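Structural overview
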Amino acid sequence: MFSFTPFDNLYPEHFFGFNTELDHKMDYDYEMEEDKMGMTVTSGNVTLSKDGSNLIGISIGGGAPLCPCLYVVQVFDNTPASRDGTIAAGDEITGVNGKSVRGRTKVEVAKAIQAVKEEVVINYNKLHAEPSQGKTLDVILKKLKHRIVENMSSTTADALGLSRAILCNDGLVKKLDEMEGNATLYRGLMEHTRKIMKAMYEVSKTHRVFGDVFASIGVREPQPNASEAFTHFGDAHRTMEKHGIKLLKTVKPMLSDLSTFLNKAIPDTKLTIKKYCDAKFEYLSYCLKVKEMDDEEYSYAALQEPLYRVETGNYEYRLVLRCRQDARARFAKLRSDVLVKMELLDQKHVQDIVFQLQKFVSAMSQYHDTCYKCLQGADVFPIEVKFCTRLCRWDTSVVLSMICCLSVYICL
């Protein structure tokens with residue numbers, strides 16, 4: 001007969017996963033090889049002086065028990081780490097004051113950094129990555145989504161089930177509408193000014209014609225008093241024509257200044273705002289990507305399931321962190337540029353529009369005052385002319401011109 005030995009009696013602890021020495025060794029001695037996704041790292045160290053709150057200005061992620069690497073999640077603004085600029089998001093922290101932190105938790109590393117006073121030496125592995133590696137199709141689609149949601153109201157976005165980021169409702173971008181209104185104002189002002197200049201040019205030409213006609217009449221008139229009166233009256237009209245040309249020369253630079261503001265300053269600011277919006281949407285996309293990856297890690301940790309990217313160094317996540325930091329830097333710089341340009345543009349609009357209008361009104365007022373004085377000085381009427389005895393010496397066209405001019409002045 002055969003003797004039967006139950007299968008589960010042969011090394012039962014190994015078959016049913018009991019916590020034996022062998023299992024303990026397998027759990028803690030075995031590590032998966034890091035998947036760097038083609039990226040490289042270089043080692044180094046940096047000495048950071050702490051601020052008054054005993055902080056260096058970084059947040060830490062990763063570490064035991066899930067991730068073999070401890071890395072920088074974020075470098076906060078206006079902190080020792082940001083001012084130094086050596087450490088960036090995604091870099092691995094390998095030691096504190098020369099002591100290795102491999103296999104420790106992020107809380108333990110944070111306490112180790114806080115325990116050091118005044119200056120702390122951070123040993124790191126610098127992550128070298130191309131930003132294009134992190135700009136995946138998912139990020140591009142998120143960027144497109146933010147661009148679409150930007151132009152939606154909160155009610156519409158909620159009805160469509162689209163979340164609105166805090167930065168989407170940006171008051172700075174709304175100033176673009178005010179700029180469009182200013183551009184429309186300047187465009188209308190320029191068009192109106194051009195029409196006035198054209199009309200003034202026609203008036204000046206008319207004054208010139210009047211002056212030539214009356215001067216011609218004065219030359220042909222044999223009576224000294226009448227000749228002098230017509231000549232003086234013609235000279236007055238020629239003087240008014242010169243004042244009209246002077247007005248045009250005064251107003252023309254105003255159109256040039258308005259054109260510079262309308263065709264150069266405003267389009268340049270619009271272009272900067274578009275670049276700013278693009279950088280903002282890209283930054284928001286990386287923020288959303290980081291949140292999704294965080295949620296993924298939390299869900300796997302709650303189920304006590306391994307996540308490949310975390311167990312192999314979380315390089316994909318660290319790449320997105322680096323891209324988010326770079327996008328935030330571009331966003332902050334462009335926002336600063338937009339704020340400066342908008343402020344300068346507003347100042348120029350307020351000051352320049354008042355100056356140009358005052359200049360225009362002053363030029364028009366001066367023109368009318370000088371023309372009025374010219375006509376007052378040329379008050380030579382009535383002029384006595386004996387047509388019956390002198391008509392034979394006059395050219396028919398001159399007589400007709402004189403009659404027309406006098407008729408015009410009588411009507412006026």
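The structure under discussion appears in the preceding block.
The following refers to the structure shown. No experiment lies behind these values; they were computed from the predicted model shown.

Counting across every chain of the model gives 22 salt bridges. Look at the salt bridges and you will find they share partners, linking K135, K143, D278, E282 and R330 into a network.

With that out of the way, let us pick up a negative patch on the surface. On the surface, a cluster of negative charge is made up of D177, E178, E343 and D346. Along the polypeptide, D346 turns up in helix α11 (residues 315-377).

The next point concerns the side chain of T79. Mapped onto the elements, T79 comes out in the loop between β3 (70-75) and α3 (80-84). What T79 contacts, discounting residues up to four positions off in sequence, is I56 and G57.

Let's shift gears to the packing of helix α9 (residues 224-302) against α11. Two numbers describe how α9 lies on α11: the axes approach to 7 Å, and their chain directions differ by 165°. Classified by the interaxial angle, the pair formed by α9 and α11 is roughly antiparallel. Both α9 and α11 take part in a crossing whose hand is left-handed. In terms of residue class, the contact of α9 with α11 is built from 35 nonpolar, 12 polar and 19 charged.

Moving on, we get to unusual backbone geometry. Where the residue is not glycine, phi is negative for most of them; where a peptide bond is considered, it is trans in most cases. Here the bond from A64 into P65 is cis, since omega is 5°, no more than 30 degrees from zero. Counting through the fold element by element, P65 comes out in the loop between β2 (58-62) and β3. For E118, which is not glycine, the phi dihedral falls at a positive 65°. Relative to the elements of secondary structure, E118 occurs in the loop between α4 (106-115) and β6 (119-128). Residue N314 is not a glycine yet carries a positive backbone phi of 55°. Residue position: N314 is located in the loop between α10 (308-311) and α11. We classify N314 as buried; its relative accessible area is 0%.

Quick notes on the rules
- Residues numbered from 1 in each chain as written.
- Predicted model: local features only at pLDDT ≥ 70, side-chain atom pairs only at ≥ 80, totals over all residues.
- Heavy atoms only, no water.
- Salt bridge = Lys/Arg side-chain N within 4 Å of Asp/Glu carboxyl O.
- Patch = residues over 30% accessible without salt bridge, like charges linked within 9 Å, V, L, I, M, F, W, Y side chains within 5 Å.
- Areas by Shrake-Rupley, 256 points an atom, 1.4 Å probe, with all protein chains shown as cover.
- Lys, Arg positive; Asp, Glu negative; His and termini not counted.
- Charge placed at Lys NZ, Arg CZ, Asp CG, Glu CD.
- Helix = DSSP H or I, 4+ residues; strand = E, 2+ residues; numbered from the N terminus.
- Contact = heavy atoms within 4.5 Å.
- Axes fitted to C-alpha atoms, helices over the stretch in contact; angles between N-to-C directions.
- Parallel < 35°, antiparallel > 145°, perpendicular 65-115°, else oblique.
- Left-handed = near helix turned anticlockwise from the far one by under 90°.
- Nonpolar A, V, L, I, M, F, W, Y, C, P; charged D, E, K, R; others polar.
- Buried < 20%, exposed > 50% of the residue type's maximum accessible area, 1.4 Å probe, protein only.

Shape descriptors only; they carry no functional weight alone.
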